[in-house]
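The primary structure of each chain is shown beneath.
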Amino acid sequence: MDEDQERDYLAYAGGRIPALRRLAILLSGDDDQADDLVQETITKLYAAWSRASKVENLDAYTHAMLVRAFLDDRRRGWWKVRLFGAAPESPAPPQANADDRAVVRAALAQVPRRQQAVLVLRFLHDLPVAEVAQILGCSIGTVKSQTSHGLSTLRRILGDRTFTHAGSGGAR
């Protein structure tokens, strides 16, 4: 990579790390795992920068890399061991009830990984169906069916609970 490409990469990656970390936290529910996902993503992006910098929508390309790292993490995660105990919880936004967040996070963790990724991208990251399909490399119909199955699973897990604050999102 020449100096200009490296400068462009550093400018892009440096500006996107906070947004990538937010997405990674929404996907994983864990600050440490989110940091690992972001690090893996920006490292792979660096290795592929000459090709990646030429894509039409670099943000979508980078989001796809992060989501794939999240989905692949369970397949190769058998060797990961938390050495220092549980990470401290990040503070909840003022409008959210901390108990509700914990219940939803626990329920979401029980949903199959791909459905979990679809739900997070659609409802917590507020992406349209077409963009989620592009990120996951699947059809719009698959995103819709994964959303439906994921929501059904969440409803079954959560039962009749009501929450003090509903997240944004909805059909697009």
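Residues numbered from 1 in each chain as written. Predicted model: local features only at pLDDT ≥ 70, side-chain atom pairs only at ≥ 80, totals over all residues. Heavy atoms only, no water.

An account of the overall build of the protein chain is needed here, citing residue identities and associated values.
The helix and strand tally for the protein chain stands at eight helices and zero strands. In the protein chain, the succession of helices and strands from N to C terminus is α-α-α-α-α-α-α-α. Looking at the 172 residues of the protein chain, the share that counts as buried comes to 35%. Across the protein chain, contacts joining residues at least 24 apart in sequence account for 68% of those joining residues at least 6 apart. Just so you have it, the protein chain exposes about 10300 Å², and 53% of that area is on carbon and sulfur atoms. (Helix = DSSP H or I, 4+ residues; strand = E, 2+ residues; numbered from the N terminus. Buried < 20%, exposed > 50% of the residue type's maximum accessible area, 1.4 Å probe, protein only. Contact = heavy atoms within 4.5 Å. Areas by Shrake-Rupley, 256 points an atom, 1.4 Å probe, with all protein chains shown as cover.)

Tell me what's going on with unusual backbone geometry, and back it up with residues and numbers.
Although it is not a glycine, Asp 126 adopts a positive phi angle of roughly 55°. Mapped onto the elements of the fold, Asp 126 is located in the loop between helix H6 (113-124) and helix H7 (129-136).

Hey, could you go over the packing of aromatic side chains for me, with residue numbers and the actual values?
Going through the model one piece at a time under the given rule, you end up with three aromatic pairs. Measuring from centroid to centroid gives 5.0 Å for Tyr 9 and Tyr 46, while their planes differ by 75°, and the two rings are edge-to-face. Separated by 37 residues along the polypeptide, Tyr 9 in helix H1 (residues 3-28) and Tyr 46 in helix H2 (residues 31-47) bring together distant segments of the chain. Its relative accessible area of 7% is what places Tyr 9 among the buried residues. A residue is classified by how much of its surface remains accessible, and Tyr 46, at 36% relative accessible area, is partly exposed. Between Tyr 9 and Trp 49, the ring centres sit 5.5 Å apart and the planes meet at 75°, which makes this aromatic pair edge-to-face. One end of the pair, Tyr 9, is in helix H1; the other, Trp 49, is in helix H3 (residues 49-52), and 40 residues separate them in sequence. Every member of this aromatic cluster is reached through a ring pair, and the members are Tyr 9, Tyr 12, Tyr 46 and Trp 49. A cation sits over an aromatic face here: Arg 113 above Phe 70, 3.9 Å from the ring centre. Stacked on the ring of Phe 123, the Lys or Arg Arg 122 has its end atom at 5.3 Å from the ring centre. (Phe/Tyr/Trp six-rings, centres within 6.5 Å; stacked < 30°, edge-to-face > 60°. Lys NZ or Arg CZ within 6 Å of the ring centre and 35° of its normal.)

Run through the pattern of salt bridges, naming residues and quoting values.
Inspection of the entire model under this criterion finds four salt bridges. Among the ionic pairs, Arg 7 bridges to Asp 4, the shortest N-O distance being 2.9 Å. Taken together, the residues span about one helical turn, with Arg 7 and Asp 4 both in helix H1 at a distance of three residues. (Salt bridge = Lys/Arg side-chain N within 4 Å of Asp/Glu carboxyl O.)

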